[in-house]
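# Examination of the molecular architecture
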Amino acid sequence: MAAERLRDLSQPIDVSLLDATVAAFYGTGSKEERAHADQILRDLQNNPDMWLQVVHILQHTKSLNTKFFALQVLEGVIKYRWNALPVEQRGGMKNYISEVIVQLSSNEASFRSERLYVNKLNIILVQILKHDWPSRWQSFIPDLVAAAKTNETICENCMAILKLLSEETFDFSRGEMTQQKIKELKQSLNSEFQLIHELCMYVLSASQRPELIRATLSTLHAFLSWIPLGFIFESQLLETLLNFFPVPSYRNLTLQCLTEVAALNFGDYYDVQYVKMYTVFMVQLQATLPTTTNIPGAYAHGNSEEQAFIQNLALFFTSFYKFHIRVLENSQENISALLIGLEYLINISYVDDTEVFKVCLDYWNSMVLELFDAHHNMDNPAVNASLLGLQQASMLPVVVDGLGSQLLQRRHLYAGTMSKLRMLMVCRMAKPEEVLIVEDENGNIVRETMKDNDVLVQYKIMRETLIYLSHLDHEDTEKQMLKKLSKQLSGEDWAWNNLNTLCWAIGSISGSMMEEQENRFLVMVIRDLLNLCEITKGKDNKAVIASNIMYVVGQYPRFLRAHWKFLKTVVNKLFEFMHETHPGVQDMACDTFLKIVQKCKRKFVILQVGESEPFVSELLSGLVTTVADLEPHQIHTFYEAVGHMINAEPDPQKRDEYLQRLMELPNRKWVEIIARARQSVDFLKDQEVIRTVLNILQTNTSVASSLGTYFLSQISLIFLDMLNVYRMYSELISSSIAEGGPFASKTSYVKLLRSVKRETLKLIETFLDKAEDQPQIGKQFVPPMMDPVLGDYARNLPDARESEVLSLFSTIINKYKAAMVDDVPRIFEAVFQCTLEMITKNFEDYPEHRLKFFSLLRAIATHCFPALILLSSQQLKLVMDSIIWAFRHTERNIAETGLNLLLEMLKNFQASEFCNQFYRSYFLTIEQEIFAVLTDTFHKPGFKLHVLVLQHLFSLVESGLLTEPLWDSATVPYSYPNNGIFVREYTIKLLSTSFPNMTAAEVTQFVNGLFESRNDLSTFKNHIRDFLVQSKEFSAQDNKDLYAEEAAAQRERERRRMLSIPGLIAPNEIQDEMLDS
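From a predicted model like this one, the values you see are computed outputs, not experimental measurements.

Further remarks concern the overall build of the protein. A count of helical and extended segments in the protein gives 52 helices and two strands. Expressed as a percentage of its 1077 residues, the buried residues of the protein come to 52%. When the accessible surface of the protein is summed, it comes to about 49100 Å², and 53% of that surface belongs to carbon and sulfur atoms. For the protein, the separation between the mean place of its 104 positive charges and that of its 131 negative charges on side chains is 1 Å.

Spelled out as structure tokens, the structure:
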């Protein structure tokens, strides 16, 4: 093919042939033609001499694609080989690129037609500048400014180059250039900015060309965040910008520039200029966008320019207020301009656009927090003094009286804005996680299928903001919410969305009011909502109201505990909703019922005033009717809730009687099935029967999870029959797989049988886990399971082994601890070898078995360590290999379990008589393997544990506990004075071979540092962090995992702060067992 001639670069390239090849690559020819063209172009691109043809190609081709191809080749050379090229070649290329840019941009027609090409050339020029400027091209800025003054189109392009240069230096330089180079470029730009500033001001004052003015404003926008402040505040710049603001075509760019200025924060030196800028801006804004404008409406019907204007306006106000709101609080004139601005921002917050709302919400949250903090710290003048910027402690006594009044003045000043903000929060409240009923895009009310994380994050911020607002003025909060609710009742303001946001807002401020006020408020709210439910017609309407009643009552357990009549009415209302077949209503009713019972369980088992029996007894009498319309999974939630009630009954006799009545239905069915099975085993093979068995077991599990120890009488009834069913189903599964081959395990029948086995294991595990620590329970339940469960696991085919067996036995060992020591060999024999064979073939198969296997090993190592010492050395080697294998795993929780298990083993062996023996065998292997994962970026999340293992090893070797040499005297000819010196040398050698890019001195320094800092964990950890960065393993990547512990400590501090503010942590998240009495 002719195109092959292009590969010969010894003479000037045939440009028309290159054009044809590029056209073939982008063209619509056959797949083969495109692939061939692609191959040739790739080969050319990779040819080190190709760049020498670039000028020839650019001069002779008319095709834009070919020009781009040539420039791509050139860009590669500039990025990676520029400094290695001879000086004259660099100079020639620089001059050529500059000349082409000037030539194309000096003429309006060519500048517009070749715009894409010019933009690409600009990028190439900036890439060259990053290498050559300032040291090898000192005259660049003066040359550029001089060229710009010769012609308006050249000037427009110069602005584009300056903007690119600023972005490359300040925004995108991380990881692209060294810190030193970035610093050099920033200094050069700063020192030469005088010329650029003059050019910009000249253009803005003299030019009439809209394109040039827009390019200049755009360049200024890129510069404003970093230029020396004098150029902004001590020149005509702000005045000029404000003059451009009223002009529609420059409005958005000017506003972006003003926002950059508003976001600068450097003390109070230029306060006067800020006040002036703000007041002039507000006058102009009111002329452009009168205060009476319906901003959300204007946004909805506006074009993209107008919408961008509203968005930019939000950014301007929020930036200005975030840093400079206090400079506007000092005179009446400024205050009125400030309040008008806040009014604009409130109106913009109603715009139906997520991004605009996020910008506003973010600011409102920080403003309300600041006002609240001052109000909250009224008792602590020192805190407030620092909040107001009064740092000198000696002034405090004098300041205190004035301070209180100053804080009250601020609160008073913003009271009107805060009131409007409460309304905004109520109208736009995001949907909380508990609400399952939503409106779809067709306006139908449906059950939510997927959680929207963005909405949940937004809810969290809005909830926090509303709680602060509520603390600032409880009366106003209550008044606004009740007023809006009465409008729902009167029908004046009735709409699904209005009622939803209002109820979500009411639910979200739970805990923030004083108890009396909360009681008064909720009596009205719940009464109105129940009335609304009665008077409103239509299934969808009722579903919306039902969902809101359920959400609100679920959020106020404190109120329900104090008002039995309301609690009873609410629970009966939930029972009513359990018959409502509208999607989502029943689910939500069961979830809310469970939530309320968990917080108020005592109230249901004591005899309340005016009742003939405790509520739980009444409930059990009507149980069949209440759950008649529920799905199985909803019935399980219901049973779990009743289990919580029974748990609260102190009288053992009544408790057993309630449990018997609760379990009557499932037990009757169970007895029936077992009786039929005794006549004919085949009865148990029917799919319907298997489903019923599964359902009965799931119901039992639900009750066991909430009843704990008191479930003993019920599980004892079914335990042995259940094990027989387990054994029988297990044999059925094995025979199905033996006959049907591997695919049989995927059939619905086998899956169903396995579900029964899993549920059996889950039931036993749940009961043993929740039951209080009573050894006789273990003695009663563990021995009968040995063969049906453990023996069955060992006998089964890998595909038929249930991973739940492993988690059940780790629960048993964690529960009964050392009492299980004698059973460990039996457990080991049944599960160890056969599970290892399943999980060590690769890192993917049987993920459930992996994690549970290592959790079981960890339980044994922690509680039954003597059993591990009795293992043979082959078996111990298997255990250690499997641990190493676990922490090499890239699956985070498996690696973590492996590392935790390793730490348990190391500590236990150190304290045992086999200390020397164990460490002789495994010390060096463990050290080597831990260093391997420590320096592997896939294992970053394990950093904290890697550090602990290494600290343990280095501390141990220096402690003198190891009395035998760690080196093998057969292979190491001379002996070391002690293990410490040997490990030091071994580690230096290990790291030097792994990191040839580090010098011997660096490695030695690191290893010595490890030994020196071994007793101080934080120094030890920082030392390792530095090494990781130095060894280039973790350079410009995201290293937050190395700082995970510090981040966790920060989260804990934040949680403590939240606990100190009533309502910030939702009542359902607070452990208040003690309160329910």
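The structure having been displayed, the exposition proceeds.
On to the pattern of salt bridges. One pass over the structure, following the stated rule, counts 49 salt bridges. Of the charged contacts, one joins Lys757 and Asp792 as a salt bridge, the two residues approaching to 3.3 Å between their closest N and O atoms. Of this pair, Lys757 sits in helix 39 (residues 748–770) while Asp792 sits in helix 40 (residues 775–795), placing them 35 residues apart in sequence. Here Lys757 falls in the buried class, since its relative accessible area comes to 1%. By relative accessible area, Asp792 is classed as buried at 8%. The partner of Glu964 in a salt bridge is Arg920, with the nearest N and O atoms 3.6 Å apart. You can see Glu964 sitting in the loop between helix 48 (943–959) and helix 49 (979–994) and its partner Arg920 sitting in helix 47 (residues 915–934), a full 44 residues away along the chain. Among the ionic contacts, a cluster of salt bridges with common partners joins Glu108, Arg112, Arg115, Glu152, Glu156 and Arg209.

With that settled, consider the environment of Ser994. Mapped onto the fold, Ser994 is located in helix 49. We classify Ser994 as partly exposed; its relative accessible area is 43%. Here Leu990 takes part through its backbone oxygen, which lies 2.8 Å from a polar atom of the side chain of Ser994.

Let us now look at the packing of helix 16 (residues 271–288) against helix 19 (residues 332–349). Closest axis-to-axis distance for the helix 16/helix 19 pair is 10 Å, and the angle between their directions is 55 degrees. Put simply, helix 16 runs oblique to helix 19. Helix 16 and helix 19 meet at a crossing whose hand is left-handed. Touching Val275, Tyr278, Thr279, Met282, Leu285 and Gln286 of helix 16 are Asn334, Ala337, Leu338, Ile340, Gly341 and Tyr344, all from helix 19. Looking at the contact of helix 16 with helix 19 residue by residue, the class counts come to eight nonpolar, four polar and no charged.

Moving on to the nonpolar core. Of all hydrophobic cores here, the largest spans 357 residues; its most connected members are Phe281, Phe317, Tyr321, Trp364 and Phe593. Here the element with the most residues in this core is helix 38 (residues 712–740); it accounts for 12 residues. Every residue in contact with Phe281, bar those within four places of it in the chain, is listed here: Leu242, Phe245, Leu255, Leu258, Leu313, Phe316 and Phe317.

It is worth spelling out the environment of Gln910 at this point. Its location among the elements puts Gln910 in helix 46 (residues 892–910). Judged by relative accessible area, which is 26%, Gln910 ranks as partly exposed. Each C-alpha atom, one on Gln910 and one on Leu956, is 8.3 Å from the other, the two residues being 46 residues apart in sequence. Sequence-distant contacts of Gln910, defined by excluding residues within four places in its chain, comprise Cys915, Tyr919, His952, Leu956 and Leu961.

This paragraph deals with the state of the cysteines. Per the counting criterion, the structure on display carries zero disulfides. Note on Cys533: no disulfide assigned, nearest cysteine sulfur contributed by Cys503 at a separation of 11 Å. Residue classification places Cys533 among the buried residues on the basis of a relative accessible area of 6%. Note on Cys864: no disulfide assigned, nearest cysteine sulfur contributed by Cys834 at a separation of 19 Å. What makes Cys864 buried here is its relative accessible area of 0%.

A word on the confidence of the model for the protein. Taken over all residues, the pLDDT of the protein has a mean of 88, while the share at 70 or more is 94%. Of the regions scoring below 50 in pLDDT, residues 381–400 engages in 23 contacts with residues more than four places distant in sequence or in other chains. Of the regions scoring below 50 in pLDDT, residues 1033–1037 engages in 16 contacts with residues more than four places distant in sequence or in other chains.

Under the defined criterion, the tally for this structure stands at 56 aromatic pairs. Measuring from centroid to centroid gives 4.4 Å for Phe233 and Tyr270, while their planes differ by 15 degrees, and the two rings are stacked. Linking Phe233 in helix 13 (residues 230–233) with Tyr270 in the loop between helix 15 (251–262) and helix 16, this pair joins segments that are 37 residues apart in sequence. There is no split in this pair, since Phe233 and Tyr270 are both buried. When the ring of Phe575 is compared with that of Phe615, the centres are 6.4 Å apart and the planes differ by 25 degrees; the resulting orientation is stacked. Taken together, the residues Phe575 in helix 30 (residues 564–577) and Phe615 in helix 32 (residues 615–621) connect sequence positions 40 residues apart. Just above the ring of Tyr793 sits the side chain of Arg801; from NZ or CZ to the centre is 5.6 Å. Taking NZ or CZ as reference, Arg984 lies 4.3 Å from the ring centre of Phe1011, over its face.

With that out of the way, let us pick up helix 31 (residues 585–605). Since there are 3.6 residues in each turn of an α-helix, residues three or four apart along the chain are aligned in direction. Along helix 31, the helix axis deviates most sharply at Lys599, where the bend reaches about 75 degrees. Within helix 31, 18 of the 21 residues are buried, leaving the element largely enclosed by the surrounding structure.

By the secondary structure assignment, Thr259 is in helix 15. Since its relative accessible area comes to 12%, Thr259 is described here as buried. Setting aside its immediate chain neighbours within four residues, Thr259 contacts Asn312, Leu315, Phe316 and Ser319.

All right, on to unusual backbone geometry then. Backbone torsion omega between Trp133 and Pro134 reads 5 degrees, so that peptide bond is classified as cis. Here Pro134 lies in the loop between helix 7 (115–132) and helix 8 (140–148). Residue Tyr846 is not a glycine yet carries a positive backbone phi of 50 degrees. Inspection of the secondary structure assignment puts Tyr846 in the loop between helix 42 (824–839) and helix 43 (847–863). A residue is classified by how much of its surface remains accessible, and Tyr846, at 23% relative accessible area, is partly exposed.

So, about helix 34 (residues 632–647). In this model helix 34 runs 22 Å from its N-terminal to its C-terminal C-alpha over 16 residues, within 8% of the 22 Å that 1.5 Å per residue would give. Within helix 34, 12 of the 16 residues are buried, which leaves the element mostly enclosed by the surrounding structure.

Note on placement: Thr536 falls in the loop between helix 27 (515–535) and helix 28 (539–555). For Thr536, a relative accessible area of 11% translates into the label buried. Reaching out from Thr536, the side chain makes a polar contact with the backbone oxygen of Leu532 at a distance of 2.5 Å. Thr536 has contacts with Trp494, Asn541, Lys542 and Ile545, leaving out every residue within four places of it along the chain.

This next bit is on the environment of Arg463. Positionally, Arg463 belongs in helix 24 (residues 453–472). Look at Arg463 and you get buried, because its relative accessible area is 11%.

What counts, and where the lines are drawn
- Residues numbered from 1 in each chain as written.
- Predicted model: local features only at pLDDT ≥ 70, side-chain atom pairs only at ≥ 80, totals over all residues.
- Heavy atoms only, no water.
- Helix = DSSP H or I, 4+ residues; strand = E, 2+ residues; numbered from the N terminus.
- Buried < 20%, exposed > 50% of the residue type's maximum accessible area, 1.4 Å probe, protein only.
- Areas by Shrake-Rupley, 256 points an atom, 1.4 Å probe, with all protein chains shown as cover.
- Lys, Arg positive; Asp, Glu negative; His and termini not counted.
- Charge placed at Lys NZ, Arg CZ, Asp CG, Glu CD.
- Salt bridge = Lys/Arg side-chain N within 4 Å of Asp/Glu carboxyl O.
- Polar contact = N/O pair within 3.5 Å; in protein donor to acceptor, adjacent residues only side chain to side chain.
- Axes fitted to C-alpha atoms, helices over the stretch in contact; angles between N-to-C directions.
- Parallel < 35°, antiparallel > 145°, perpendicular 65-115°, else oblique.
- Left-handed = near helix turned anticlockwise from the far one by under 90°.
- Contact = heavy atoms within 4.5 Å.
- Nonpolar A, V, L, I, M, F, W, Y, C, P; charged D, E, K, R; others polar.
- Core = buried A, V, L, I, M, F, W, Y, C linked by side-chain atoms within 4.5 Å.
- Disulfide = S-S within 2.5 Å.
- pLDDT = per-residue confidence, 0-100.
- Phe/Tyr/Trp six-rings, centres within 6.5 Å; stacked < 30°, edge-to-face > 60°.
- Lys NZ or Arg CZ within 6 Å of the ring centre and 35° of its normal.
- Bend = angle between axes of the 7 residues up to and from the residue.
- Expected span 1.5 Å × (residues − 1).

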